[in-house]
Each structure stands twice: as structure tokens, then as C-alpha cells.
Amino acid sequence: MAKSVRYQDCDIATMQAGTAPYGLIEKASLVIEGGQILWLGKACNLPERFHALPVTSLNGRLITPAFVDCHTHLIFGGNRALEFEMRLQGASYEEIARRGGGIISTVKATREATDEELLKSALTRLDALMDSGVSVVEVKSGYGLTIDQEIRMLRIARALEQHRPVSIVTTWLAAHAVPPEYKGREEAYIDEVVIAGLKLAHSQGLVDAVDGFCETIGFSTAQMTRIFKAAKSLGLPMKLHAEQLTDQKGAILAAEYQGLSADHLEYLDPNDVPEFAKSGSVAVLLPGAFYTLKETQLPPVKALRDNQVDMAIATDCNPGSSPLTSILTAMNMACTLFSFTPEEALTGVTRHAAKALGLSDTHGVIAVNRPANIAIWDVKHPSELSYWLGASPLHQLMSSRALT
């Protein structure tokens, strides 16, 4: 028989929609059996059949859903600290990329790294994410830019689950940049690497979604349309790096294909938001990149809010534009830089982030008959999670993968 346990002396931010702020239940109790939630509610209403269960007192701590980091580039070789220094001296992201830096410099370092080196460095970053309450991490390819190297990245991403009690979602991002060997032959790269590699990786069960970098220094909407058609033919969901540096109408393209999300969105035209909203796609905002690049163009948060677009927050952990491994810091940045409320920030790393990965049935809220993916915090109120900077107040991270 599966082990049952009862938690008491706690508050629970269920993050269920349409309830009290944060879905908050005060003076609560929570019953878990075999990694599933059997009951939750006010402790005074606990059914008698659970009274004899072993009790763990949480001494007034807060329980939330475990966090979902729905946009990362967790696996890469080297770092780009020197480019960070160049930006501080006035070079723009585009200038660095056009001079051979940016994504291409990380491609070189990633290709040269061994599997063991890539795994070890990724685990270090994963540990930091877990320390900030994350139990689900989306990991993109995109630093290999050959079929073999892109598939290698996804294999290493999948291997993370063998070393840590987390869930990994893999995304095919071969359309991240055009490698030097394909310079001037972008269409050939799409045919010979992006689409051909996608089909091979999918046949090996390594791909959960398809992404691309839709920018003037990346891929056009016409090129991404070709890639999205290939993804659709394979039954794979889509997402897109869109409107980070310029307005290329990538978010509208993602909406046309019922994409899971459009990510970044600093340059999304507010007039395009109503059309984007019709798709139900999630707007994933990435304040770490905004901060690191010293961007001044804010995403149209008010328009997204007014049109009831679900907004998620993620770290965008990557070596170039967002060397961020704390989703709690991303929450604080969303509040201070993007004018999120603390409740919007917490929703953005739980319920909305789960939706951005197609995981709404299993993650992002605390509810009966759902997996017990929860985080226990040394705080009294959910707003504190967006407030504190520095050390994480995490007391315990629980994943259904570790409890079964």
C-alpha cells in the first residue's frame, strides 16, 4: 500500500484560478499518498478517515505548487562573460553577434565540450534552479547547429532526469542561428539540418516541442512557417522567440499555429495583442534577458493583462543574454521591471508556466487527484516569494517523480 502522510500547521497557495488571491487556504492540512494529493483544505475540516495518518507539522510554513521554468537554454559549453563586459562598454547584442560572438561563440564551445562536461555544468545550473523551487525545466537545443550536435544536446537534457528528481521538457531549437558553414545558404540549413534533424530527433523520442529565433539576426516569419509546418506534420506543439529585438510579427505567427507560447515580446505591438489573445497562447516574459541586455523597450504588459493573456515568467537561463539560475530573482525582476503584482509573478511560474509547456493537467496548481509537485517555504505569505533577494527561503521541494 502506498505511504500516506498528512501535513498540518501550514498555509497553502493552491494557485487555482477563480478562487481567493493566490488560491490561499490558511490554517490548512494536506494529505498525500503515493505521490498524489488525496485531500486539502482547512485543517478544521479534515475528514475523520485521515485523522490517524502520520502527521508532519510545518510550523506555519507556506506550501505552493513547485515552480516550472518554461524557457531555458540549460545545456551549453563555456560562458560569455567577456561579451558581458563588451556590452557594458557600449557594444549592442546585435553588434556582438555580427562580429562572431553571441550564439555562434557558444556553439563553438558547446561542440568542443564532451558529453560529461556538458552534463556536469548543466547539473550545477539545475541544482540552482531546484534550490529556488523549480521541479520542471524546459531545455532547448540550439547550440549545436548540426543534426548530431542538436540531438546530442537533447539526449543530455533527457539524462538530467536520471540524476535529479525533476521533469525535463525538451525543445528542438535548431533554428537558433545559422552556423558559419551555412552562411549565405539559410534555406539549405533549414532543409538539411532544422527540418531533417527534427524528423530524426522526433523518431528517437527526443522532442517535446519546436522553437525558433524569429529576428532580423535569426529567422524570418516565412522561414519559421516552413519549420512550423514540419512540426505540425509530426504532431508537435510549437513556441517561438518573438519580438525580443524588433517587431517581426512572430507572436502573430505563433498564434496562427496555436503555439504553446510566444516568448520575450518586448517589441510586441500592443495593437497585435487582441489577435494574439484569441489563440490562447501564453506570453512568456523573460526579465533576466531584459535586465542583462539593459533593454529599455518594455513588453506590453498592460495590453496583455487587459486582453486576459496568460503571462508566464522564466529564467531564460543561457550564457549570453540571461545568465540567471534563480526563478525567484526572475519573479522579483518581473515585479520591479515589468510591473507585475506578486500574485501575477507567482501565477507566472506555476499555473501559466505549466500551460506554456502543455502541462496544465499535472503541474502548476495544488488540487485533489493531482500529482504532489509542491514546494514548502520558510515564509508567511506568498508575496514574500517575489520580495526577498539573495538566499532562497525554500524549505523542501517535492516532486511526484521522487515520491512514487
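Residues numbered from 1 in each chain as written. Predicted model: local features only at pLDDT ≥ 70, side-chain atom pairs only at ≥ 80, totals over all residues. Heavy atoms only, no water.

Notes on the UniProt feature "binding site: Fe(3+)" (unreviewed entry) in the protein chain
Annotation from UniProt places "binding site: Fe(3+)" (unreviewed entry) at His71, His73, His241 and Asp316. These annotated residues cover 246 residues of sequence, and their C-alpha atoms lie no more than 12.2 Å from one another, placing them together at a single site. Under the relative-accessibility criterion, His71 is labelled buried at 0%. Structurally, His241 can be placed in strand β9 (residues 239-242). Engagement of the side chain of His241 in a polar contact is seen with the side chain of His73, the distance being 3.4 Å. (UniProt positions renumbered as here; feature names shortened; annotations may be inferred. Buried < 20%, exposed > 50% of the residue type's maximum accessible area, 1.4 Å probe, protein only. Helix = DSSP H or I, 4+ residues; strand = E, 2+ residues; numbered from the N terminus. Polar contact = N/O pair within 3.5 Å; in protein donor to acceptor, adjacent residues only side chain to side chain.)

So, the pairing of strand β10 (residues 261-264)
Pairing geometry for β9 and β10, over 4 bridges, is parallel. Looking at β10, one finds that Lys239 is bridged to Ser261. Crossover handedness for the path β9 to helix α8 (residues 250-256) to β10: right-handed. The pairing of β10 with strand β11 (residues 282-285) spans 3 bridges and is parallel. Directly across from Ser261, in β11, lies its bridge partner Val282. (Pairing = 2+ DSSP bridges. Right-handed = clockwise from strand over helix to strand, strands pointing away.)

Some words on the UniProt feature "binding site: 4-imidazolone-5-propanoate" (unreviewed entry) in the protein chain
Mapped onto the present numbering, the UniProt feature "binding site: 4-imidazolone-5-propanoate" (unreviewed entry) falls at Arg80, Tyr143, His176, Gln244 and Ser321. When you line up the elements, Arg80 lands in the loop between β5 (67-69) and α1 (81-88). Once you skip the residues sitting within four places of it in the chain, Arg80 turns out to touch Tyr93, Gly102, Ile103, Ser105, Thr106, Pro319 and Gly320. With near-sequence residues (within four places) excluded, Gln244 lies in contact with Phe213, Glu215, His264, Leu265, Glu266, Tyr267, Ala289, Leu293 and Glu295. (Contact = heavy atoms within 4.5 Å.)

Observations regarding the sheet that holds strand β1 (residues 4-13)
Taken in spatial order, the 6 strands make up an open sheet running β3-β2-β1-β4-β13-β14, and their pairing is mixed. The open sheet terminates on both sides in strands that have one partner only, identified here as β3 (36-42) and β14 (394-398). Between one strand and the next, the sheet's axes are offset by a mean angle of 35°, whatever the strand orientation. Relative to strand β2 (residues 24-33), β1 runs antiparallel, the two being bridged by 7 bridges. The residue of β2 that forms the bridge with Tyr7 is Leu30. (Axes fitted to C-alpha atoms, helices over the stretch in contact; angles between N-to-C directions.)

So, the nonpolar core
Soluble, globular proteins show a tendency: their nonpolar side chains are buried together. Among the nonpolar cores identified, the biggest contains 100 residues, and Phe67, Leu160, Trp172, Met224, Phe340 and Leu385 are the most heavily contacted of them. Residue-level mapping places this core at the junction of two domains, with at least three residues from each of domain 1 (4-65 + 364-402) and domain 2 (67-356). Listed in part, the 17 residues of the second largest apolar core include Ile37, Ile63, Ile366 and Ile374. (Core = buried A, V, L, I, M, F, W, Y, C linked by side-chain atoms within 4.5 Å. Domains from an automatic or database assignment.)

Thoughts on the domain arrangement of the protein chain
Here the domain parsing of the protein chain yields domain 1 (4-65 + 364-402) and domain 2 (67-356). Each of domain 1 and domain 2 has a C-alpha centre, and the two are 31 Å apart. Counting the surface lost from both domain 1 and domain 2, the interface buries some 1900 Å², and carbon and sulfur atoms represent 62% of this. Inspection of the domain 1/domain 2 interface yields 6 residue pairs in polar contact (both at pLDDT 80 or more). If you list the elements that add at least two residues to the side of domain 1 that touches domain 2, you get β4 (55-65), β14 and α15 (400-403). (Buried area = accessible area lost by both parts, 1.4 Å probe.)

Points about the pattern of salt bridges
Using the criterion set out here, one finds 18 salt bridges in the structure. For Lys249, the salt bridge identified is with Asp272, shortest N-O distance 2.6 Å. Taken as a pair, Lys249 in the loop between β9 and α8 and Asp272 in the loop between β10 and α9 (273-277) lie far apart in primary sequence, 23 residues in all. By relative accessible area, Lys249 is classed as partly exposed at 35%. Residue Asp272 is classed as buried on the basis of its relative accessible area, which comes to 15%. Linking Asp306 and Lys302 is a salt bridge whose minimum nitrogen-to-oxygen distance equals 2.7 Å. Of this pair, Asp306 and Lys302 both sit in helix α11 (residues 301-306), 4 residues apart, roughly one helical turn. Classification of Asp306 by relative accessible area gives partly exposed; the value is 49%. A cluster of three or more residues bridged by salt bridges with shared partners is formed by Glu138, Lys140, Asp211 and Lys239. (Salt bridge = Lys/Arg side-chain N within 4 Å of Asp/Glu carboxyl O.)

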